[in-house]
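Chain and residue survey
Listed below, chain by chain, are the residues.
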Amino acid sequence: MRRRELITLLGCAAVTWPFAVCAQQPPKVARIGCLVTGSLESPEARAMLDPFRQGLREHGYVEGQNIVIEYRSADGKIERFQQLATELTNLKLELILAPNTPAARAVQHATTTIPIVVPVMGDPVGDGLVASLARPGGNITGLTFLGPELATKRLELLKQALPNASRVAALWHPGAFGESTTREMLQATNGAARALAVELQLVAVRGADDFDRAFSAMTTNHADALIVFPSAMLFNERKHIVGLATKHLLPSISAAREFAELGGLIAYGASLSDLQRRSATYVDKILKGAKPADLPVEQPTTFELVINLKSAKTLGLDVPDTLIIAAG
């Protein structure tokens, strides 16, 4: 009797075990979209995508294994964002990474249901991307680099480096942000210029084809220095901008260290590569079930001051020790 029971039990195990194996589900592969401002092969795009991929790896995601990313590149033409955003939303993805404010606004117009993560926002409330930083309320969340708030600080730093500068050209991109954010940034910089006894020359550019005209206007106006306003397009064209600033002997300050690394004089702002890496945390939380409406927008708490001393020497400038120490 015991022998029969033993045989029966073994028989059951032999039959049921293969079915248990067959019933196991393969690991879920997440599918997300990613808009890119420049060409996917460009150093500018890689500089932003590599930190994001690093962040994904830190959360256990390996591209091509447990996560698939559908890329769409605007090739430097942000007017293409809307078409590309529509393409991505039609793929029924789990979320979309929009690299900046113009991209986020394009995806926002294309979908109100697919979660959107934005690594680099200027003023997400002012631009209508979220209801509030603490409670975004919709399908968008991410990080801000405090665009309008730091515009004044950059002009102050430029004046510290160039105390005799009386005319400063400001290169800005209409449409980089919403009307409210742009107005706030321009008003704050104009106010700082008056307080510093600096004549501010606003020079608008809408694309790379405008740069030669813009720098010609700066030269005609005898600008002593240049401040580059935050903008996805201007960041993508930073090599071109720094080259023209160097050619016209214009000391410059910008929001991203990448400008200074290419030869710009000063950069002051949040680390864009760090924002990209940290955006992977939002991706991870959403893929695990969190809603963008409940994920607060993160604000930077540390800022980089970068001074290119080689460029200062080329321009014949003696940067004050106080600034060098602050950057060190």
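Residues numbered from 1 in each chain as written. Predicted model: local features only at pLDDT ≥ 70, side-chain atom pairs only at ≥ 80, totals over all residues. Heavy atoms only, no water.

1. Looking at the packing of helix H5 (residues 147-161) against helix H6 (residues 179-195)
For the pair H5 and H6, interaxial distance at closest approach is 8 Å and the crossing angle is 20 degrees. Considering the angle they form, H5 stands roughly parallel to H6. Where H5 crosses over H6, the two elements pack in a sense that is right-handed. Packed against H5, whose contacting residues are Gly147, Pro148, Ala151, Thr152 and Leu155, the element H6 presents Thr181, Glu184, Met185, Ala188, Thr189, Ala192 and Ala193 at the interface. (Axes fitted to C-alpha atoms, helices over the stretch in contact; angles between N-to-C directions. Helix = DSSP H or I, 4+ residues; strand = E, 2+ residues; numbered from the N terminus. Parallel < 35°, antiparallel > 145°, perpendicular 65-115°, else oblique. Left-handed = near helix turned anticlockwise from the far one by under 90°. Contact = heavy atoms within 4.5 Å.)

2. A word on the packing of helix H3 (residues 81-89) against helix H4 (residues 101-110)
With their axes 8 Å apart at the nearest point, H3 and H4 run at an angle of 50 degrees to one another. Here H3 is positioned oblique relative to H4, judged by the angle of their axes. Note that H3 runs across H4; the crossing there is right-handed. From H3, Phe81, Gln82, Ala85, Thr86 and Thr89 reach across to H4, where they touch Pro102, Ala103, Ala106, Val107, His109 and Ala110. Here the contact of H3 with H4 is composed, by residue class, of 7 nonpolar, 4 polar and no charged. (Nonpolar A, V, L, I, M, F, W, Y, C, P; charged D, E, K, R; others polar.)

3. What to know about the nonpolar core
Core analysis: the largest hydrophobic core is formed by 80 residues, its most contacted members being Leu171 and Met218. Ranked by size, the runner-up nonpolar core spans 22 residues in total, among them Leu88, Ala103, Val107 and Ile114. (Core = buried A, V, L, I, M, F, W, Y, C linked by side-chain atoms within 4.5 Å. Buried < 20%, exposed > 50% of the residue type's maximum accessible area, 1.4 Å probe, protein only.)

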